[in-house]
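# Coordinate inspection notes
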Amino acid sequence: MSIILDISKVDMVFPTPKGDFTALKGVDLQIKKGEFISLIGHSGCGKSTVLNIVACIHKATMGGVILNNKEVTEPGPERAVVFQNHSLLPWLTAYQNIELAVKQVFKNKMSKTEMKEWIEHNLRLVHMDHARDKRPDEISGGMKQRIGIARALAMKPEILLMDEPFGALDALTRAHMQDSLMEIQQKLNNTVIMITHDVDEAVLLSDRIVMMTNGPAATIGEILDVNLPHPRNRLALAEDVEYNRLRSAVLTFLYEKQRKVEVIPKVEATESKQKTSDVA
Amino acid sequence: MTALMSKKIVGIAPMNRNKMIMSFIAEKTQALILPLVGICCFMLLWSFTASSIDTSLGKFPGPSAVATQVVNLIDEHNAERNKEDAFYIRQDQRNEMRQAKDPSYQAKVRAYTGKETFLDQIVTSVVTVLSGFLLAAVIAIPLGIAIGLSKNLNTAINPIIQIFKPVSPLAWLPLVTMVVSAVYVSPEPMFAKSFITSLITVTLCSIWPMVINTSFGVVSMNQDWVNVSQVLSLPKLVHIQKIVLPASIPAIFTGMRMSLGIAWMVLIAAEMLAQNPGLGKFVWDEFQNGSSQSLSRIMTAVFVIGLIGYLLDLAMLQLQRALSWDKSSAQR
Ligand SMILES: Nc1ncnc2c1ncn2[C@@H]1O[C@H](COP(=O)(O)OP(=O)(O)O)[C@@H](O)[C@H]1O
Ligand SMILES: [Mg+2]
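## Comments concerning the overall build of chain B
The secondary structure content of chain B amounts to eleven helices and two strands. Going residue by residue from the N terminus, the α and β elements of chain B occur as α-α-β-β-α-α-α-α-α-α-α-α-α. Here the C-alpha atoms of chain B give a radius of gyration of 28 Å, more than 25% beyond the 20 Å that 2.2 N^0.38 yields for 332 residues. Along the longest, intermediate and shortest principal axes, the C-alpha atoms of chain B span 95 × 70 × 50 Å. Counting across all 332 residues of chain B, residues that qualify as buried make up 35%.

## Description of empty space enclosed by the protein
Residue and element names in this part refer to chain A. Overall, the coordinates contain three cavities of 30 Å³ or more when judged by the stated rule. As a volume, the largest cavity reaches approximately 60 Å³. F36, L181, M182, Q185, Q186, L205 and H230 are the residues that line the largest cavity. Of all the elements, helix 5 (residues 171-188) adds the most residues to the lining of the largest cavity, at four residues.

## Details of the packing of helix 4 (residues 118-149) of chain B against helix 9 (residues 236-274) of chain B
For any two helices packed against each other, one specifies the inter-axial angle together with the distance between the axes. Residue and element names in this part refer to chain B. As a packed pair, helix 4 and helix 9 sit with axes 8 Å apart at the nearest point and diverge in direction by 140 degrees. Of the possible angle classes, the one that applies to helix 4 and helix 9 is oblique. Between helix 4 and helix 9 the crossing geometry is right-handed. Along its contact with helix 4, which presents S125, V126, T128, V129, F133, I141, I145 and L149, the element helix 9 presents I240, V244, L245, I252, M256, S259, L260, A263, W264, L267 and E271.

## Quick word on the pattern of salt bridges
Going through the model one piece at a time under the given rule, you end up with 20 salt bridges over all chains. Ionic pairing is found between A:K25 and A:D11, a salt bridge with its closest N-O pair at 3.2 Å. With A:K25 in strand 2 (residues 19-32) and A:D11 in strand 1 (residues 3-16), the pair connects residues that are 14 residues apart, well separated along the chain. Judged by its relative accessible area of 47%, A:K25 falls in the partly exposed class. By relative accessible area, A:D11 is classed as buried at 12%. As a salt-bridge pair, B:R81 and B:E84 come within 3.3 Å of each other at their nearest N and O atoms. Taken together, the residues span about one helical turn, with B:R81 and B:E84 both in helix 3 (residues 63-101) at a distance of three residues. Residues joined in a network through salt bridges with shared partners are A:K116, A:E120, A:R132 and A:D133.

## Some words on the domain arrangement of chain B
Domain parsing of chain B yields domain 1 (2-51) and domain 2 (116-330). Centre-to-centre, using C-alpha coordinates, domain 1 of chain B lies 41 Å away from domain 2 of chain B.

## Describing the pairing of strand 9 (residues 208-212) of chain A
On any regular strand, side chains alternate: one points to one face of the sheet, the next to the other face. Residues and elements named next belong to chain A. Among the five residues that make up strand 9, five are buried, leaving the element largely enclosed by the rest of the structure. The side-chain alternation of strand 9 yields two buried faces, one formed by R208, V210 and M212 and the other by I209 and M211. In terms of strand pairing, strand 3 (residues 36-40) meets strand 9 through four bridges, oriented parallel. What sits directly across from L39, in strand 9, is V210. Strand direction decides the pairing type here: strand 9 and strand 10 (residues 220-225), joined by five bridges, are antiparallel. Within strand 10, the position partnered with V210 by the bridge is I223.

## Digging into helix 10 (residues 279-289) of chain B
All names here are of chain B. Among the residues of helix 10, those classed as buried are L279, G280, F282, V283 and E286. The buried residues of helix 10 occupy an angular sector of 165 degrees when the element is viewed end-on, so they sit on one face. Opposite the buried face of helix 10, at more than 90 degrees from it, the exposed residues are Q288 and N289. Contact partners of the buried residues in helix 10: helix 3, helix 4, helix 9 and helix 11 (294-323). Looking one or two places after helix 10, you find G290, whose phi comes out positive at around 60 degrees.

## Notes on unusual backbone geometry
Residues and elements named next belong to chain A. At the junction of H230 and P231, the peptide bond is cis and its omega measures out at -15 degrees in the coordinates. Tracing the backbone shows P231 in the loop between strand 10 and helix 7 (234-237). Not every positive phi belongs to a glycine, and K156 is a case in point at roughly 45 degrees. Summarising the element assignment, K156 is placed in the loop between helix 4 (141-154) and strand 7 (159-163). One non-glycine residue with positive phi stands out, namely E164, at about 40 degrees. Looking at where E164 falls in the secondary structure, it is placed in the loop between strand 7 and helix 5.

## What about the confidence of the model for chain B?
For any part of a model where pLDDT is low, the fine detail of the predicted coordinates should not be relied upon. Residues and elements named next belong to chain B. Residues at a pLDDT of 70 or more form 95% of chain B, whose mean pLDDT is 88. Across chain B, element-level confidence peaks in helix 4 with a mean pLDDT of 95 and bottoms out in helix 1 (residues 2-10) with 47. Confidence drops under a pLDDT of 50 for residues 1-10, and excluding neighbours within four residues, the segment shows one contact in the predicted structure.

## Considerations on the interface of chain B and chain A
Facing the 15 residues of chain B at the interface are 21 residues of chain A. Both faces considered, chain B and chain A share a buried interface measuring about 1,600 Å² in area, 72% of it formed by carbon and sulfur atoms. Between chain B and chain A we count zero salt bridges in total. In this assembly, chain B and chain A are joined by four residue pairs in polar contact (both at pLDDT 80 or more). Tallying contributions element by element places helix 8 (residues 223-231) of chain B first for the side of chain B that touches chain A, with six residues. Here the side of chain B that touches chain A is built from residues that sort into ten nonpolar, three polar and two charged.

## A look at the sheet that holds strand 5 (residues 70-71) of chain A
Residue and element names in this part refer to chain A. If you trace the four strands from one edge of the open sheet to the other, you get 2-1-4-5, paired in antiparallel fashion. Edge positions in the sheet fall to strand 2 and strand 5, since each of these pairs with one other strand and no more. Bridging between strand 4 (residues 62-67) and strand 5 involves two bridges; their strand directions are antiparallel. Pairing of L67 across the sheet is with K70, part of strand 5. Running at roughly 120 degrees to strand 1, helix 1 (residues 47-54) makes contact with strand 1, strand 2 and strand 4 of the sheet.

## So, a positive patch on the surface
A cluster of basic side chains, namely B:R90, B:R94, B:R98, B:K101, B:K108 and B:R110, defines a positive patch on the protein surface. Within the element layout of this structure, B:R90 appears in helix 3.

## Section: the packing of aromatic side chains
For any pair of aromatic rings, the description consists of the separation of the ring centres together with the inter-plane angle of the planes. Under the counting rule described, the total for this entry stands at twelve aromatic pairs over all chains. Between B:F191 and B:F195 the ring centres are 5.3 Å apart and the planes differ by 35 degrees, which places this aromatic pair in the tilted class. Classification of B:F191 as partly exposed rests on a relative accessible area of 39%. By relative accessible area, which is 17% here, B:F195 ends up buried. One aromatic cluster in this structure is built from A:W91, B:W225 and B:W325. Its end group placed over the ring of A:Y95, A:R132 keeps NZ or CZ at 4.1 Å from the ring centre.

The rules behind each value
- Residues numbered from 1 in each chain as written.
- Chains lettered and ligands numbered in written order.
- Predicted model: local features only at pLDDT ≥ 70, side-chain atom pairs only at ≥ 80, totals over all residues.
- Heavy atoms only, no water.
- Helix = DSSP H or I, 4+ residues; strand = E, 2+ residues; numbered from the N terminus.
- Rg over C-alpha atoms; globule rule 2.2 N^0.38 Å.
- Buried < 20%, exposed > 50% of the residue type's maximum accessible area, 1.4 Å probe, protein only.
- 1 Å grid on protein atoms, 1.4 Å probe; cavity = no way out; pocket = protein on both sides within 12 Å on 5 of 7 lines; lining within 4 Å.
- Points joined across faces, edges and corners; volume = space filled by probe spheres on them.
- Axes fitted to C-alpha atoms, helices over the stretch in contact; angles between N-to-C directions.
- Parallel < 35°, antiparallel > 145°, perpendicular 65-115°, else oblique.
- Left-handed = near helix turned anticlockwise from the far one by under 90°.
- Contact = heavy atoms within 4.5 Å.
- Salt bridge = Lys/Arg side-chain N within 4 Å of Asp/Glu carboxyl O.
- Domains from an automatic or database assignment.
- Pairing = 2+ DSSP bridges.
- Arc of directions from axis to C-beta.
- pLDDT = per-residue confidence, 0-100.
- Buried area = accessible area lost by both parts, 1.4 Å probe.
- Polar contact = N/O pair within 3.5 Å; in protein donor to acceptor, adjacent residues only side chain to side chain.
- Nonpolar A, V, L, I, M, F, W, Y, C, P; charged D, E, K, R; others polar.
- Patch = residues over 30% accessible without salt bridge, like charges linked within 9 Å, V, L, I, M, F, W, Y side chains within 5 Å.
- Areas by Shrake-Rupley, 256 points an atom, 1.4 Å probe, with all protein chains shown as cover.
- Lys, Arg positive; Asp, Glu negative; His and termini not counted.
- Charge placed at Lys NZ, Arg CZ, Asp CG, Glu CD.
- Phe/Tyr/Trp six-rings, centres within 6.5 Å; stacked < 30°, edge-to-face > 60°.
- Lys NZ or Arg CZ within 6 Å of the ring centre and 35° of its normal.

Laid out in structure tokens, this is it:
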């Protein structure tokens, strides 16, 4: 498959009152069409910064982002973003939030009825058609995040960027959302970059897991190929040898090679190898 | 047996249920009774203090004197209206008679020039304050948004705002009066000069809180919403209309309520000083008049001014509840 997105030798330096802060150094990653990439690393290492550079919300100090052989310099709907805290507009209903995006992206390409159908189709896709006319403060966190995903999908992006989309949700809702996302991905086969701090989530959803070293001057430490067949089932995989090998590979990277000494004590770190899978 | 039954139905503790009902009643009565108690205490204190203050115009007016004046002022208003009606009837009769005698006679219609009553002054003041406030809002909200969006514009304009914001209406008034007299010259003016003067003074004083709050609302807008707008590549105008304006609505309303309060205070002062029609002029005229009733009429005006100020604020709050998406900011 062809390379759709090339993150090419990106450095990011933030000017701060205390002098320049090098957040990223030499981040280099090529992504194929239809690939699902997870970006994992300790909090504060620079995952969001990478995503924001791809979205062009930040401009890289060195290097650049090439989408379909063309460098991108401005944000655009072909790189739709699902933000961590849903970022729905609170004065609009679920339908209107998606409508704002659809109207902007397809203003000359779709008729009014086509738009309406397309918005409703996307609401159905995330199982939110019943919350069509609800405002964000009337629905739960998981529902908001679903609508955020529907809004991003409705832009028909070349590449979908998700910044810890399920980070703020409780474990059960999160599992539910992951299943939904797998189901959608099965249908649409989007190219996705998803930031996560959940090891299980990364292994369950991804084709490749990109592990980042700790900052400052963070970069890509290792890349892990996940060759588990689709569709994946979390219960079946729990006993799977390959799944557990991948899982412990990620945990080893995070808790041994890139251990955050000051944050996570040693005892807890070895314990979490077996039990927990949350990093941040 | 029945006692046992009822005990079962009500649950474990009838004592608790009674307590709940009691506390519910207590809550409701508190909301009603406490303000009444407050008002009664104030009335007592007021009439007691009033009776012990002697002025050159007689005793300081107490509650009963004010109550009498309320009736008086309404009666005077009705009397004046009757006089006006009578004037027009007489004029019509006269004209008809002359036309009957001489068909070529051109009827003369003159307007009644009676004294403005207290109620007329109230209407004048309310119309003026709302006009001045609306003019201020029409200027302040776009300006506030522009300042909020552009750091450079903010840096350029901020010193001017900070200097003009604390200026008292009394300082503006002479300037405004002179400028209006010089500039607003037309053979058939649509509005009275005094109205324009009051209106501009109100606008000049009430514009700043709206500018400052609007720009604050824009600046402190959630960065996520800006990012959404960027990802969608919304054009500038759509961005302002669909993101910036709704996002800053709560702050805009905060500013509007502050401004309307200031506008009302400023207007009364301006009317007093400039002798422009309105409640301020009523107060000043009564003060100059110096009759035995003057003080109680002024006191009545004070209450009316306060009441209208309160009602204006309530109306604004109601508007905010209806229009703002952020219900929590529209509580009180
Ligand atoms: N606008 C900014 N200015 C200065 N420093 C920043 C800015 N944004 C992020 N950083 C710094 O860059 C590093 C990476 O941040 P971020 O990408 O948000 O981490 P992550 O998403 O992995 O938790 C952090 O140390 C953060 O303090
Ligand atoms: Mg982050």
